[in-house]
Every structure is written in C-alpha cells, then in structure tokens.
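Listed below are the residues making up each chain.
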Amino acid sequence: MISGMNSPMRERLLEAASELFYAHGLRAVSVDKVIDLAGTTKVTFYRHFKSKDDLVVAYLERRAALERDGIGEAIKQGDGDVDATLRVISEAIGIIACAPGFRGCPFINAAAEYPDPDSPIRKAVDAHRRWNKTTFEQLVAPLGITNSGDVADDLMLIRDGAMVAGYLDQPATVAASFLRSSQAVIGHSLR
C-alpha cells in the first residue's frame, strides 16, 4: 500500500476486489476489472496498491481479520469451555460453508492459485493458517493434551474438510460432523 490505509477509495477497491476475487478467482480477475467495478482509474489504483499482488494480500488480510473476529467471538462465548467453543465454531462453519454463493475457503483457493511458497500471496495464506493452528492449540491447551500441536493440525484438517463439505451438505450436517470429528480427535488425544 502506498497511501491512506483506510481511505474511502482504498476501501472501494478492496470491496470490488473482494467481490470479484471470491466469485471468479484471484488470477482470473484483472486489475482493470477491479478498477472498473470500483469506478476509478489506474492512477488512483496505484496510489493505493503497488501491484495486483499487494491488492490480493490486502484482500486476504481482510478475510483473515473477519475469521479471527469470528473465532475470537466463539472463544469469548465458550468462556473457557473447549466443547462449548467448538460448538459455536461448528455452527458458524456450517452456516458459512453452506451459504448461497459460498465458493470455498479463500485461503485454500489462494494457495491453489499461488503454489509458490515464496509469493507474497502464499505467505499471507501461511500466516493465517499459522494463526489458525496456534489458536486451536491454545484452545485445547487447558485440557493438558501433550500433543496439542498435532491436535491443532488435525483440527485444521477437519476445518478444511468442512469448507469443502459445504458444497455438498446442509449446515446442520456440516456443523455436526465438524463437532463430532473435533471431539473425537480431542478425546483420542486425552487417552
């Protein structure tokens, strides 16, 4: 970003990019399409973003912030109860993954489109996934699980699967499956 972290035009560009990237894919959407939808010019675009990659990273950071807020709220509602927190997360995943227009996890989609681990897009994906795994690890830590990192990896895999299942099932089915699977992983690790 070159100027105005929260300027109205930057927000318009991000809104346009979010709509287009999620619906059509990151590589399929040109800067020109974003500019057209935002109703601005290339000069204005480049005042806010040095490149398309910078715009994609900003889009992913915005999506990451939304997910962090949602998981943070679930943890708050769970009030220290791991099972209650997982129930809130599972219900949210079921609703989100089965919503009309859902096109999968934007981070998994981005990783598929940008396989180079050194690309700024892939680094943004990896940073979010690290945050997610760390959050899962912190969630189960009070249970005294010795392999909490492995459990966090398993919970992340279950979450990724739930993102795909959203295309195929109903919200209650996805939520119940995520919860059962999470409880099974945690229960197995407590033995």
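- The name given to the protein chain in an unreviewed UniProt entry is TetR family transcriptional regulator, with the source organism recorded as Microbispora corallina.

1. Comments concerning the packing of aromatic side chains
No. 1: The tally for this structure, following the rule as stated, stands at four aromatic pairs.
No. 2: Taken together, a centroid distance of 5.4 Å and an interplanar angle of 70° make the contact between Phe21 and Tyr59 edge-to-face. Of this pair, Phe21 sits in helix α1 (residues 8–24) while Tyr59 sits in helix α4 (residues 52–78), and the two are 38 residues apart along the sequence. Comparing Phe21 with Tyr59, the two get one shared label, buried.
No. 3: Arranged with centres 5.8 Å apart and planes meeting at 50°, the rings of Phe102 and Tyr167 form a pair that is tilted. Taken together, the positions of Phe102 in the loop between α5 (82–97) and α6 (106–113) and Tyr167 in the loop between α8 (148–165) and α9 (171–189) put the pair 65 residues apart, joining distant regions of the chain.
No. 4: Accessibility expressed as a relative area gives 12% for Phe102, which makes it buried.
No. 5: By way of ring pairs, the aromatic residues Phe45, Tyr46 and Phe49 are connected into one cluster.

2. Some details on a nonpolar patch on the surface
No. 1: Residues Val164, Tyr167 and Leu168 make up a contiguous nonpolar surface patch of roughly 350 Å² in combined accessible area.
No. 2: Note that Leu168 resides in the loop between α8 and α9.

3. So, the UniProt feature "domain: HTH tetR-type" (unreviewed entry) in the protein chain
No. 1: Mapped onto this numbering, the UniProt entry gives "domain: HTH tetR-type" (unreviewed entry) at residues 7–67.
No. 2: Structurally, residues 7–67 is divided into 79% helix and 0% strand, and its ends, taken at the C-alpha atoms, are 22 Å apart.

4. Some details on the side chain of Ser182
No. 1: With respect to the helices and strands, Ser182 occurs in helix α9.
No. 2: In this view, Ser182 contacts Leu86, Leu155 and Ile158; residues no more than four positions away in its chain are not counted.

5. A closer look at the pattern of salt bridges
No. 1: Under the defined criterion, the tally for this structure stands at nine salt bridges.
No. 2: The partner of Glu11 in a salt bridge is Arg62, with the nearest N and O atoms 2.3 Å apart. One end of the pair, Glu11, is in helix α1; the other, Arg62, is in helix α4, with 51 residues separating them in the sequence.
No. 3: Taking the shortest distance from any N to any O, the salt bridge between Lys42 and Asp32 comes out at 3.4 Å. Here Lys42 is found in helix α3 (residues 42–48), whereas its partner Asp32 is found in helix α2 (residues 31–38), with ten residues between them in sequence.
No. 4: The network of salt bridges with shared partners includes Glu67, Arg129, Arg159 and Asp160.

6. Some points on α8
Because an α-helix completes one turn every 3.6 residues, residues spaced three or four positions apart along the sequence face the same direction.
No. 1: With 18 residues, α8 extends 25 Å from end C-alpha to end C-alpha; this agrees with the ideal 26 Å at 1.5 Å per step.
No. 2: Of all the positions in α8, only Ser148, Val151, Ala152, Leu155, Met156, Ile158, Arg159, Asp160, Ala162 and Met163 are classed as buried.
No. 3: Taken together, the buried residues of α8 touch α4, α5, α6, α7 (120–140) and α9.

7. Concerning the nonpolar core
No. 1: One finds Phe21, Leu26, Val34, Leu55, Leu60 and Ile121 to be the most contacted residues of the largest nonpolar core, which totals 56 residues.
No. 2: Ranked by residues supplied to this core, first place goes to α4 with nine residues.
No. 3: Discounting residues that sit within four places of it in the chain, Val34 has contacts with Leu13, Ala16, Ala17, Leu20, Val29 and Leu55.

8. Topic: the packing of α1 against α2
No. 1: Their axes nearest at 8 Å, the elements α1 and α2 cross at an angle of 120°. As summarised for this structure, α1 and α2 are arranged oblique, according to the angle between their axes. α2 is crossed by α1, and the crossing has right-handed handedness. Between α1, through Arg12, Leu13, Ala16, Ala17, Glu19 and Leu20, and α2, the contact on the second element is made entirely by Lys33, Val34, Leu37 and Ala38.
No. 2: Across the contact of α1 with α2, the residue classes break down as seven nonpolar, no polar and three charged.

Rules of the game
- Residues numbered from 1 in each chain as written.
- Predicted model: local features only at pLDDT ≥ 70, side-chain atom pairs only at ≥ 80, totals over all residues.
- Heavy atoms only, no water.
- Phe/Tyr/Trp six-rings, centres within 6.5 Å; stacked < 30°, edge-to-face > 60°.
- Helix = DSSP H or I, 4+ residues; strand = E, 2+ residues; numbered from the N terminus.
- Buried < 20%, exposed > 50% of the residue type's maximum accessible area, 1.4 Å probe, protein only.
- Patch = residues over 30% accessible without salt bridge, like charges linked within 9 Å, V, L, I, M, F, W, Y side chains within 5 Å.
- Areas by Shrake-Rupley, 256 points an atom, 1.4 Å probe, with all protein chains shown as cover.
- Salt bridge = Lys/Arg side-chain N within 4 Å of Asp/Glu carboxyl O.
- UniProt positions renumbered as here; feature names shortened; annotations may be inferred.
- Contact = heavy atoms within 4.5 Å.
- Expected span 1.5 Å × (residues − 1).
- Core = buried A, V, L, I, M, F, W, Y, C linked by side-chain atoms within 4.5 Å.
- Axes fitted to C-alpha atoms, helices over the stretch in contact; angles between N-to-C directions.
- Parallel < 35°, antiparallel > 145°, perpendicular 65-115°, else oblique.
- Left-handed = near helix turned anticlockwise from the far one by under 90°.
- Nonpolar A, V, L, I, M, F, W, Y, C, P; charged D, E, K, R; others polar.

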